[in-house]
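# Tertiary structure, described
Here are the chains, one letter per residue:
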Amino acid sequence: AELAERDPANLSLLLEMLLAQQLSRSGHSRVSYMWHYAPAMHEKSRCGYVGLKNLGATCYLNSLVQQLFLIPEFRAAILALQIEPPAPASATDAASDLSAADEPGGGDVLYYLQAMFGYLHESEKRWYDTRDFCGAFRDCENLPLNPSVQMDVDEFLNMLFEKLEAGLGRTSSPKLLQSLFGGSVVNQIIDKAGRRLSERVEPFFVISIEVKNKASVMDGLAQFVEGETLDGDNKYNFEGEYVEATKRCCISRLPPVLILHLKRFEFDFDLMKKMKLYDHCEFPPSIDMAPYTVRYLERQEKLLGEAEGPSPADEEDGDCVYELAGVLVHTGTSDSGHYYSFIRERRAAQPGAHPWLHFNDTLVEPFDSSEIGKNCFGGVEPVVSWDVDTNKPVQRTQVKPHSAYMLFYEKVSAHAQSREGAPEAVPRGEGRDGARDQPMAE
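Note that the coordinates shown come from a computational prediction; the quantities given were computed from them, not determined experimentally.

### Description of the overall build of the chain
When helices and strands are tallied, the chain shows 13 helices and 20 strands. Every one of the 442 residues in the chain was classed for burial, and the buried ones make up 40%. Partitioning the intrachain contacts of the chain with sequence separation of at least 6 by distance along the chain shows that 67% fall at a separation of at least 24. Working note: accessible area of the chain is about 24200 Å², and carbon and sulfur atoms make up 52% of it.

Structural data, given as structure tokens:
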């Protein structure tokens, strides 16, 4: 006010500068924005979290990034990394031949992911523009992410983790992803006598589960470890001898954060096109993964062979309990749809109270966890429509377009340890009233 007092020229210049600054932040054109200036629409949501702008069809990116950001250990580790800014375009092009063996854009993706996390953590604005991240994210042909083309979020997660692994390899935390999300499964072939004829260990970040004709995720996990009998013409060739055996896959190592991918899409060979499965499939708020581990299955087989009755509890079985921390939902069909997330907030104000939030691009709002079944299990729902023939409303059922596509579970023991007196890894800034924010209770 003092700069423009009694000076129309200064006032005009000051207003022009302030308007230009606001326009550059919002990304709107001058004509459409000048007469519709509403500062409250650009403030952070009352929940205290920042949304992500949808650039056209980038809802899959937004919903996944918010899930990763709200994992306290992952967020703190990413923000603590010392990362050099990406080189200018000319320097990058000149060094492209020298870094041909590296994952395209791995370092740049990590840098812009850290920048995005920093903005989501400290910003007071309503949303963050992911344009820089999309430009840094390159495919195998070194082309940037096309924001107008929607990707399958499970496929994008695999690509993102590949690039982050390449970028993390040049930092002080090269095994960050493996330490949080990495587990392993073992593929076994066992004969009738219980001999291990073959074993092959494979790492995983995500476990894919069938949902077709499955009442719950537990049924899908049971099928995941269910053995396939090799007999008849399909016997197993072991050292030149064909023997009857069982082929199965079970979990040998569980990660602190377990990601389950529900197979909601399949290819219909009769119609020759991709179809979405709308089957009702429930998932519990907590899950015990011990029955699907190799240790548990081998112990069960040993006790069954000795006819000693039910298996006693093992000390390590208690370390296999997980709590639901996030649900990534797909709504729509196989041809077109939209992704959004429901996430449990870790920094609860009261001990034991973990409110849930709904992240839908720039929208962040509270969510009632009792509505998870209605909004995420899929199946059918009753609707009332007007019947022209009878001239009255009639009730019928229709499939729910929205259903869970990815589930994020956190190991209870690991989560409890992270809350026991651990200091906040990310420094908090000054609040609007000048008081310093309290550390997160994560």
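### Quick look at a nonpolar patch on the surface
Nonpolar side chains collect at one region of the surface, where L11, L15 and L18 lie side by side and expose about 270 Å² of accessible area between them. A relative accessible area of 44% places L18 in the partly exposed class.

### Considerations on the side chain of S216
In this structure, S216 sits in the loop between β5 (206-210) and α10 (217-225). Classification of S216 by relative accessible area gives buried; the value is 16%. Those residues in contact with S216 that sit more than four places away from it in its chain are C281 and E282.

### Re the pattern of salt bridges
Counting across every chain of the model gives 13 salt bridges. D129 is paired through a salt bridge with R131; the nearest N and O atoms lie 2.8 Å apart. With a shortest N-O distance of 3.5 Å, E301 and R196 are connected by a salt bridge. With E301 in helix α11 (residues 294-306) and R196 in strand β4 (residues 196-204), this residue pair connects regions lying 105 residues apart in the sequence.

### Section: the packing of aromatic side chains
This model, assessed by the stated rule, comprises 17 aromatic pairs. Taken together, a centroid distance of 5.1 Å and an interplanar angle of 35 degrees make the contact between F137 and F156 tilted. On the criterion of sequence distance, the pair formed by F137 in the loop between α7 (131-136) and α8 (153-168) and F156 in helix α8 is long-range, its members being 19 residues apart. Across this residue pair, the class does not change: F137 and F156 are buried. With 5.5 Å between their ring centres and 65 degrees between their planes, F265 and Y405 make a pair best called edge-to-face. Of the two residues, F265 sits in strand β11 (residues 265-268) while Y405 sits in strand β20 (residues 402-411), which places them 140 residues apart along the sequence. Here F265 and Y405 have matching classes, each one buried. Among the aromatic residues, those joined into a ring-pair cluster are F69, F74, F117, F161, F181 and F205. Across the ring face of W127, the terminal group of K125 is positioned such that the distance to the ring centre comes to 5.7 Å. One cation-aromatic arrangement involves K163 over F137; the distance from NZ or CZ to the ring centre is 5.2 Å.

### A closer look at the confidence of the model for the chain
Looking at the chain as a whole, the pLDDT averages 83, with 80% of positions reaching at least 70. Contacts of residues 91-103 to residues separated by more than four positions or lying in other chains number five contacts, the stretch itself having pLDDT below 50. Contacts from residues 418-442, a stretch scored under 50 in pLDDT, to residues over four places away or in other chains number 37 contacts.

### Describing the packing of helix α3 (residues 59-69) against α8
For the pair α3 and α8, the least separation of the axes is 10 Å and the interaxial angle reads 60 degrees. With respect to their mutual orientation, α3 and α8 come out oblique. In terms of crossing hand, the pair formed by α3 and α8 is right-handed. Contact residues: α3 offers Y60, L61, L64 and L68, while α8 offers V153, F156, L157, L160 and F161.

### Topic: the sheet that holds strand β9 (residues 245-253)
Each strand in a sheet pairs with another by means of backbone hydrogen bonds, the pair being arranged parallel or else antiparallel. Taken together, the four strands give an open sheet; going across it, the order is β4-β3-β9-β6, and neighbouring strands pair in antiparallel fashion. In this open sheet, the two strands that pair with only one neighbour each are β4 and β6 (228-230). Adjacent strand axes in the sheet meet at a mean angle of 25 degrees when their direction is disregarded. For strand β3 (residues 183-191) and β9, the ladder comprises eight bridges, and the chain directions are antiparallel. Residue pairing for β9: I190 is matched across the bridge by T246. Sitting on the sheet, α10 is in contact with β3 and β9, with an inclination near 120 degrees to β9.

### Regarding the nonpolar core
Ranked by internal contacts, the top residues of the largest apolar core, which has 54 residues, are F74, F156 and F181. Not counting residues up to four positions away in its chain, the partners in contact with F181 are L68, I71, F74, F161, F204, F205, P255, V257 and I259. Grouped together as the second largest cluster of nonpolar side chains are 40 residues, F204, V211, Y292 and W356 included.

What counts as what
Residues numbered from 1 in each chain as written. Predicted model: local features only at pLDDT ≥ 70, side-chain atom pairs only at ≥ 80, totals over all residues. Heavy atoms only, no water. Helix = DSSP H or I, 4+ residues; strand = E, 2+ residues; numbered from the N terminus. Buried < 20%, exposed > 50% of the residue type's maximum accessible area, 1.4 Å probe, protein only. Contact = heavy atoms within 4.5 Å. Areas by Shrake-Rupley, 256 points an atom, 1.4 Å probe, with all protein chains shown as cover. Patch = residues over 30% accessible without salt bridge, like charges linked within 9 Å, V, L, I, M, F, W, Y side chains within 5 Å. Salt bridge = Lys/Arg side-chain N within 4 Å of Asp/Glu carboxyl O. Phe/Tyr/Trp six-rings, centres within 6.5 Å; stacked < 30°, edge-to-face > 60°. Lys NZ or Arg CZ within 6 Å of the ring centre and 35° of its normal. pLDDT = per-residue confidence, 0-100. Axes fitted to C-alpha atoms, helices over the stretch in contact; angles between N-to-C directions. Parallel < 35°, antiparallel > 145°, perpendicular 65-115°, else oblique. Left-handed = near helix turned anticlockwise from the far one by under 90°. Pairing = 2+ DSSP bridges. Core = buried A, V, L, I, M, F, W, Y, C linked by side-chain atoms within 4.5 Å.

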